[in-house]
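# Working through the structure, step by step
The residues making up each chain are set out below.
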Amino acid sequence: MEYLLNAYDYFRPGGPVMVLLVLISIWMWGLAFERLVAFWEMNHGDVDQREALRLLNRGIVCPGSTGICQRMINGFLKLRTGNGDLDRRILEQQTLRLQPRIRRCLSTIAILAATAPLLGLLGTATGMVATFDIIALFGTGNAKALSGGISQALITTQSGLLVGIPGFFMSRILTRRAHAIERRLAETVIALKREL
């Protein structure tokens, strides 16, 4: 409970901008965690190229598999016709169907990471406006009155950077993992097309 009170005392001077920064942070890290779990499922227990060729030749469907290549093979085997050209197109269609699952929410995470420092800058601007309003009313002799606006300016800037910088790094890590999964899926599809 004391931790929540301390957090509230820290965030309170930041004003409404801090509420937006907290919401953006929760949203961004929730999406990032979901992507980490999804990528783990796409890699965990997935088949390599040799195993994919064996499953293709035997026509084995493995229900309940979460691996990305295994899902692609399962979808292909359910629609397979025996015609080489048509089967290659079905294989490509299955790959195109899975790609949005890989890239889902990555651009949203990047946008939220980029938005956080901008919101911090907005808080800086509103804090400085409040400081100048106090200077206009009371002059520069009242240091306590000036500190409220300066505190708002500094806390929002700091919080925006604390949300944005790690979010940007997480966005890059997730994008690299997505590229690796897409590359593995493409290599498996090429090997399967040769077999057809």
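Only a predicted model underlies this, so the values are computations on that prediction, with no experimental measurement involved.

Soluble globular proteins tend to bury their nonpolar side chains together. Counting 38 residues, the largest nonpolar core has Phe 39, Ile 68, Met 72, Ile 73, Ile 102, Leu 174 and Leu 192 as the members making the most contacts within it. Those elements that provide at least two residues to this core are α2 (16-43), α3 (49-58), α4 (68-79), α5 (84-103), α6 (106-138) and α7 (143-195).

Although it is not a glycine, Cys 105 adopts a positive phi angle of roughly 70°. Following the sequence through the fold, Cys 105 ends up in the loop between α5 and α6.

Bringing a nonpolar patch on the surface into the picture now. Together, Leu 161, Ile 165, Phe 168 and Phe 169 line one region of the surface with nonpolar side chains, adding up to about 400 Å² of accessible area. When you line up the elements, Leu 161 lands in helix α7. For Leu 161, a relative accessible area of 40% translates into the label partly exposed.

In this section: the pattern of salt bridges. Under the criterion given, the structure shown has eight salt bridges. Arg 104 is the partner of Glu 34 in a salt bridge, and the nearest nitrogen-oxygen pair spans 2.8 Å. Of this pair, Glu 34 sits in helix α2 while Arg 104 sits in the loop between α5 and α6, and the two are 70 residues apart along the sequence. According to the relative accessible area criterion, Glu 34 is partly exposed, its value standing at 24%. With a shortest N-O distance of 2.3 Å, Glu 51 and Arg 54 are connected by a salt bridge. With a gap of three residues between them, Glu 51 and Arg 54 both fall in helix α3, about one helical turn apart.

Scored by pLDDT, the protein has a mean of 83; 85% of the residues are at 70 or more. Confidence, read as mean pLDDT per element, is least for helix α1 (residues 2-11) in the protein (68) and greatest for α2 (92).

This part is about the environment of Ala 125. Turning to its location among the elements, Ala 125 is positioned in helix α6. Overall, the relative accessible area of 39% leaves Ala 125 in the partly exposed class. Residues Ala 125 and Thr 156 lie 31 residues apart in sequence; the distance between their C-alpha atoms is 9.7 Å.

Now for the packing of α3 against α4. Running from amino to carboxyl end, α3 crosses α4 at an angle of 15°, the nearest separation of the two axes being 11 Å. When the axis of α3 is compared with that of α4, the two are roughly parallel. Note that α3 runs across α4; the crossing there is right-handed. Contacts from Ala 52, Leu 55 and Leu 56 of α3 reach α4 at Gln 70, Ile 73, Phe 76 and Leu 77. Per-class residue counts for the contact of α3 with α4 are six nonpolar, one polar and no charged.

Take α3 next. Listed in full, the buried residues belonging to α3 are Ala 52, Leu 55 and Leu 56. In a view along the axis of α3, the buried residues occupy a sector of 100°, so they form one face of it. What points out from α3, more than 90 degrees from its buried face, is the exposed set Arg 50, Asn 57 and Arg 58. Immediately beyond the C-terminal end of α3, within one or two residues, lies Gly 59, with a positive phi of roughly 70°.

Calculation rules
- Residues numbered from 1 in each chain as written.
- Predicted model: local features only at pLDDT ≥ 70, side-chain atom pairs only at ≥ 80, totals over all residues.
- Heavy atoms only, no water.
- Core = buried A, V, L, I, M, F, W, Y, C linked by side-chain atoms within 4.5 Å.
- Buried < 20%, exposed > 50% of the residue type's maximum accessible area, 1.4 Å probe, protein only.
- Helix = DSSP H or I, 4+ residues; strand = E, 2+ residues; numbered from the N terminus.
- Patch = residues over 30% accessible without salt bridge, like charges linked within 9 Å, V, L, I, M, F, W, Y side chains within 5 Å.
- Areas by Shrake-Rupley, 256 points an atom, 1.4 Å probe, with all protein chains shown as cover.
- Salt bridge = Lys/Arg side-chain N within 4 Å of Asp/Glu carboxyl O.
- pLDDT = per-residue confidence, 0-100.
- Axes fitted to C-alpha atoms, helices over the stretch in contact; angles between N-to-C directions.
- Parallel < 35°, antiparallel > 145°, perpendicular 65-115°, else oblique.
- Left-handed = near helix turned anticlockwise from the far one by under 90°.
- Contact = heavy atoms within 4.5 Å.
- Nonpolar A, V, L, I, M, F, W, Y, C, P; charged D, E, K, R; others polar.
- Arc of directions from axis to C-beta.

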